[in-house]
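Take a look at the letters that make up each chain.
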Amino acid sequence: MHGTRILDEADRLMTVCNSCRYCEGLCAVFPAMEMRRAFSDGDLNYLANLCHACGACYVDCQFSPPHEFNVNVPKTLAVARAESYAAYAWPRALSGVFARNGLVISVMAALSMAAFILGFAAAHERDVLFGVHTGPGAFYKLMPHNAMAALFGAAFLYAILALVMSVRTFWRDIGAPIGGRADGGSIFQAIRDAGELRYLHGGGVGCYNEDDRPTDRRKLYHHLTFYGFLLCFAATCVGTLYHYLLGREAPYPWWDLPVVLGTLGGIGLVVGPVGLFAAKMRRDSELLDEGRYGMDVGFIAMLCLTGITGLVLLALRETAAMGPLLALHLGAVFALFITMPYGKFVHGIYRFTALVRYAQERRQAG
Amino acid sequence: MSRKYDVLVIGGGNAALCAAIAARRGGASVVVLEGAPKFYRGGNTRHTRNMRCAHDAATEILTGPYTEEEFWKDLLLVTGGRTDEELARHMIRESKDILNWIVEQGVRWQPSLGGTLSLGRTNSFFLGGGRAMLNALYLTAEQLGVEIHYDAEVTDLVVEGGMFLAARLKRPIDGVNEIRATSLVAAAGGFEANIEWLKEYWGDAADNFLIRGTPYNRGSILKMLLAKGVQEIGDPTQCHAVAIDARAPKFDGGIITRHDSVVFGIVVNKHAERFYDEGEDIWPKRYAIWGRLVAAQPDQIAYIIFDTTVATSFMPTLFPPIAGATVAELAGKLELDPVALEKTVADFNAAVRPGTFDHTILDDCRTEGITPAKTHWARRIETPPYLAYPVRPGITFTYLGTRVNKEARMLMKGGRPSANMFAAGEIMAGNVLGKGYAAGIGMTIGSVFGRIAGREAAKHARN
Ligand SMILES: Cc1cc2nc3c(=O)[nH]c(=O)nc-3n(C[C@H](O)[C@H](O)[C@H](O)COP(=O)(O)OP(=O)(O)OC[C@H]3O[C@@H](n4cnc5c(N)ncnc54)[C@H](O)[C@@H]3O)c2cc1C
Ligand code: SF4
Ligand code: SF4
């Protein structure tokens, strides 16, 4: 017996799969499973987070429903995965946020944006908020750079802290030796596997979506989202370096590195999430954890909102709309940061951690 | 209402799809009638994992070589010579090319992962298993323009003087209940799921058989063809049967109900008596004999008995072993006579001679002074908990079939080739397999003869 009903079901399935093993070439889940004969809660959470939800093992399984063995690995692992996020959340008191995630995210986003607008308005005259500001330092007429850096730095550090604490618990639970560290080689391997979404490919043909014709669509949109996010993050980092090292103040001209990175990233953050959302809507419901729609959609919406507000700000930054747009964009980013540890964002972190564990196990097995 | 095609394929498994694709590539209009609903399409092929093909050198997926001659010798060994040499050699020769042909149809092989079975040299494994393989074949067939219908059971064949004219459907498709075609490919499997038919040869024992694969292979097409004058081949009592968990479902339990623990313990019948040398030969060579052995025991039930020291020496099992702290307690749980089981285990233990255990070779751990002997891997069963799996005969597929020639063309009684009827797969497996079985050969028969049947059927239709 396990901690939850879904883990009981995951255990049943892994017992079936372990006596079958037909799927062992499809992804990392099955070889990892084969290294075990019995499954602890931690093992199951590990396997659940190794799964990339490509759907291949469902379409390829001779025992999937309506067969009486009722084997649906992608869906079961999706539910187990989502429950694992809550189980490892830090602080524990906030684990409930996952359950109401869609709502929490929208409320947080709305509140943060409203707070920025009101904050700008309260701190300035009307004509500052709606004024036309151009040239270096234009943004900081609305909010001093130091205030911005402090606010976002704090939100970001909190997110990092919460994520690190959660992952620590996860790492211990998935069978890593207590206090044991991930070695460099395994981390490097996991970076490569995650970076190319190695296991979102159904064993080579692509991912299963609305029917049994595999495509690479979800992989493409996922890449756009992920690398879009990284580009935006890089834009922020470069901007920060410009500010402190070179003393150059934003906004920068369109051809300058932070803007180019941010623009490309922003496009990724719009196209990617929209594509993922469309794919999700069309996907066979047998493959989805529909109970967690809110969480997935909330996260997709947040990324998209961040991208859109950023791009619109870029386009209209020399007009009177700049003030309100900046407030909206900063609000979106702020909400994204503080909800990060309690939403779909964590899937990447746990999956990466599971991949590190997998790489390590493979090395140990030789 | 009726409709006409160049080639009609009955069935929906590997043999049928290989035939349909080959016929379509040969320029024919092709319709496939699969009796099962879409999920169950592909009969027993859904449950397969690998295919045996000859090859002259190692490849990415196979260690090698596995020559034609060696394949032939393996076939000779398992069949005890009961095979049509000309046909079998032809199949083996063609199997070399099938390895690549099947990949061209979208099927993917799995790189050898170390694996659980020692078949890395002779057999190629489908990436994702048989259903993945089928999905690829169906996709290719659809893309080529093969028309496919599910829930399309054929209930009657119109054949005149060895010439196929039409097939009748149980349920009309788009108002059509009769399909005419210039050529027929019958690839509708064996009759293993037809317990009534099995009982004709096995008597009431067949009521206790479990059918490992599809419930849709009821042999109806085979029966019709034989009734229409097609020559029959093979012994109806010969089939591929293994011992599977007695707790498995009646049909379609697939691969996961098998047990490969026989060599690690002893096997007793319902009187708690041993009845065969459990250490005769290495898994998987001897895997296929236990179905028949159990079928010959009273009530068609047997129990694999072992102890905790070997509990993790074989593949994990779907159903957990039944456990007892003592042999008597275990007997109680199995509803066996405790005194009898204790005696059988004690006698066996006393007969075990010391040796060096190695389950990868025919080792020197054996018994002395009991019958039947256990000639290899004999070790005392003495470390509680004592464990057991109940097993029953699990029928994989039957060998009674239609006689064919090298063109996969059916032969009529008297030896005359049919004008336009071809057969592939299980339904004609008995031409090659008079008895016995070598892992992966079911897929070879289906792919090789399926491709030939499709090609020849298209050629006939276009002439
Ligand atoms: C558990 C299991 C594991 C196996 N593993 C392997 C393996 O690893 N390698 C290997 O080589 N072999 C394996 N075999 C054997 C293999 O499955 C068969 O040899 C092979 O599937 C035969 O292919 P086929 O196309 O002739 O028949 P099938 O795949 O059984 O297809 C027959 C089709 O005919 C249809 N049909 C039947 N009657 C009618 C009708 N009246 N009208 C219309 N359609 C009809 C059925 O629905 C079915 O789709 C295994 C079998 C089982 C049960
Ligand atoms: S998902 Fe199905 S086919 Fe794949 S390993 Fe599990 S039981 Fe076997
Ligand atoms: S859905 Fe894909 S990634 Fe997940 S277990 Fe199945 S094959 Fe592996």
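Cut-offs used in this document
- Residues numbered from 1 in each chain as written.
- Chains lettered and ligands numbered in written order.
- Predicted model: local features only at pLDDT ≥ 70, side-chain atom pairs only at ≥ 80, totals over all residues.
- Heavy atoms only, no water.
- Pairing = 2+ DSSP bridges.
- Helix = DSSP H or I, 4+ residues; strand = E, 2+ residues; numbered from the N terminus.
- Expected span 1.5 Å × (residues − 1).
- Buried < 20%, exposed > 50% of the residue type's maximum accessible area, 1.4 Å probe, protein only.
- Contact = heavy atoms within 4.5 Å.
- Near = heavy atom within 4 Å.
- Nonpolar A, V, L, I, M, F, W, Y, C, P; charged D, E, K, R; others polar.
- Core = buried A, V, L, I, M, F, W, Y, C linked by side-chain atoms within 4.5 Å.
- Patch = residues over 30% accessible without salt bridge, like charges linked within 9 Å, V, L, I, M, F, W, Y side chains within 5 Å.
- Areas by Shrake-Rupley, 256 points an atom, 1.4 Å probe, with all protein chains shown as cover.
- Salt bridge = Lys/Arg side-chain N within 4 Å of Asp/Glu carboxyl O.
- Axes fitted to C-alpha atoms, helices over the stretch in contact; angles between N-to-C directions.
- Parallel < 35°, antiparallel > 145°, perpendicular 65-115°, else oblique.
- Left-handed = near helix turned anticlockwise from the far one by under 90°.
- Polar contact = N/O pair within 3.5 Å; in protein donor to acceptor, adjacent residues only side chain to side chain.
- Buried area = accessible area lost by both parts, 1.4 Å probe.
- Phe/Tyr/Trp six-rings, centres within 6.5 Å; stacked < 30°, edge-to-face > 60°.

Please set out the pairing of strand β6 (residues 154–160) of chain B residue by residue, giving values where relevant.
Residues and elements named next belong to chain B. In the sheet, β6 pairs with strand β7 (residues 163–173) via six bridges, with the strands oriented antiparallel. The partner of aspartate 156 across the bridge, within β7, is arginine 168. Taken together, β6 and the strand that follows it, β7, pair antiparallel across an intervening segment of two residues, in which glycine 161 is found at a positive phi of about 55 degrees.

I'd like a rundown of helix α8 (residues 145–173) of chain A, residues and numbers included.
All names here are of chain A. Counted at 1.5 Å a residue, the expected span for α8 with its 29 residues is 42 Å, and the 42 Å between its end C-alpha atoms agrees. For α8, the complete set of buried residues consists of His145, Met148, Phe152, Ala155, Ala159, Ala162, Leu163, Ser166, Val167, Phe170 and Trp171. Contact partners of the buried residues in α8: α3 (41–50), α6 (101–123), α10 (217–246), α13 (322–339) and α14 (346–365). Glycine 175 sits one or two residues past α8 and shows a positive phi near 95 degrees.

I'd like to hear about the site of ligand 2, residue by residue, with values.
The full set close to ligand 2 counts 13 residues, and Cys17, Cys20, Cys23, Cys61 and Gln62 of chain A are the nearest of them. Class assignment for the residues of the shell around ligand 2 results in eleven nonpolar, one polar and one charged.

Describe the nonpolar core, with residues and values.
One recurring pattern in soluble globular proteins is that nonpolar side chains are buried together. Residues and elements named next belong to chain A. Phe30, Leu50, Val73 and Phe120 are the most contacted members of the largest nonpolar core, which totals 116 residues. Considering each element in turn, this core owes the most residues, ten residues, to α13. With near-sequence residues (within four places) excluded, phenylalanine 30 lies in contact with Cys17, Cys23, Glu24, Cys57 and Val73.

Before we move on, could you go through a nonpolar patch on the surface and cite the residues and values that matter?
Residues and elements named next belong to chain A. Residues Leu220, Leu224, Val260, Leu264, Ile267 and Val271 make up a contiguous nonpolar surface patch of about 470 Å² in total accessible area. Within the residue set of the nonpolar patch, elements represented by two or more residues are α10 and α11 (257–282). At four residues, α11 tops the list of elements feeding residues into the nonpolar patch.

Could you give an account of the packing of α8 of chain A against α10 of chain A, with specific residues and numbers?
Any two packed helices are characterised by how steeply their axes cross, that is the angle between the axes, and by the distance between the axes. All names here are of chain A. Viewed as axis vectors pointing N to C, α8 and α10 meet at an angle of 140 degrees, and their least axial separation amounts to 13 Å. Relative to α10, the element α8 is oriented oblique. As α8 runs across α10, the sense of the crossing is left-handed. For the pair α8 and α10, the contacting residues are His145, Asn146, Ala149 and Phe156 in the first and Phe233, His243 and Tyr244 in the second. The class makeup of the residues in the contact of α8 with α10 is four nonpolar, three polar and no charged.

Describe the site of ligand 1, listing the residues and the values that go with them.
All names here are of chain B. Around ligand 1, 41 residues are found, and the nearest of them are Glu34, Thr45, Asn50, Asn217 and Met443. The separation between an oxygen atom of ligand 1 and a polar main-chain atom of alanine 15 is 3.0 Å. In this structure, glycine 43 approaches ligand 1 through a main-chain N or O atom, which is 3.2 Å from an oxygen atom. Here ligand 1 has 990 Å² of accessible area as a free molecule, and 97% of this is covered by the chains. If you list the elements that add at least two residues to the shell around ligand 1, you get α1 (14–25), α6 (220–227), β15 (386–398) and α10 (441–462). In terms of residues, the shell around ligand 1 owes the most to one element, α10, which gives three residues.

Describe unusual backbone geometry, naming the residues involved and giving the relevant values.
All names here are of chain A. A cis amide bond, omega -10 degrees, links tryptophan 90 with the succeeding residue proline 91. Across the junction of alanine 250 and proline 251, the peptide omega takes the value -10 degrees, indicating a cis bond. Within the element layout of this structure, proline 251 appears in the loop between α10 and α11. A positive phi angle, close to 60 degrees, is found at alanine 53, a residue other than glycine.

Please give an account of the interface of chain B and chain A that cites residues and values.
Listed as interface residues are 37 residues of chain B and, on the opposing side, 30 residues of chain A. Contact between chain B and chain A buries roughly 2800 Å² in total, counting both sides, with carbon and sulfur atoms accounting for 54%. Along the contact surface separating chain B from chain A lie four salt bridges. Arginine 213 of chain A serves as the salt-bridge partner of glutamate 142 of chain B, at 2.8 Å between the closest nitrogen and oxygen. Inspection of the chain B/chain A interface yields 18 residue pairs in polar contact (both at pLDDT 80 or more). A per-class count over the side of chain B that touches chain A returns 14 nonpolar, 14 polar and nine charged.

Hey, could you go over the packing of aromatic side chains for me, with residue numbers and the actual values?
All names here are of chain A. A complete count under the given rule lists 36 aromatic pairs over all chains for this structure. Aromatic pair tyrosine 85 and tyrosine 350: ring centres 5.6 Å apart, planes at 10 degrees, arrangement stacked. Of this pair, tyrosine 85 sits in helix α5 (residues 73–87) while tyrosine 350 sits in helix α14, placing them 265 residues apart in sequence. The exposure class assigned to tyrosine 85 is buried, which follows from its relative accessible area of 2%.

Give a detailed account of the pairing of strand β11 (residues 239–245) of chain B, specifying residues and quantitative values.
All names here are of chain B. Among the seven residues of β11, seven are classified as buried, and the element is accordingly described as predominantly covered. Bridge count for β11 against β15 is seven bridges, and the pairing is antiparallel. From the neighbouring strand, histidine 240 faces β15, where its bridge partner is phenylalanine 397.

Give a detailed account of the pattern of salt bridges, specifying residues and quantitative values.
Tallied over the entire structure, the rule returns 44 salt bridges over all chains. We note a salt bridge from glutamate 368 of chain B to arginine 366 of chain B, for which the minimum N-O separation is 3.2 Å. Exposure remark for glutamate 368 of chain B: the relative accessible area of 39% places this residue in the partly exposed category. Note that glutamate 382 of chain B and arginine 380 of chain B form a salt bridge whose closest N and O atoms lie 3.4 Å from each other. Among the residues examined, glutamate 382 of chain B registers a relative accessible area of 44% and is labelled partly exposed. Classification of arginine 380 of chain B as partly exposed rests on a relative accessible area of 43%. Where salt bridges share partners, they join Arg36, Asp43, Arg357 and Glu361 of chain A into one cluster.

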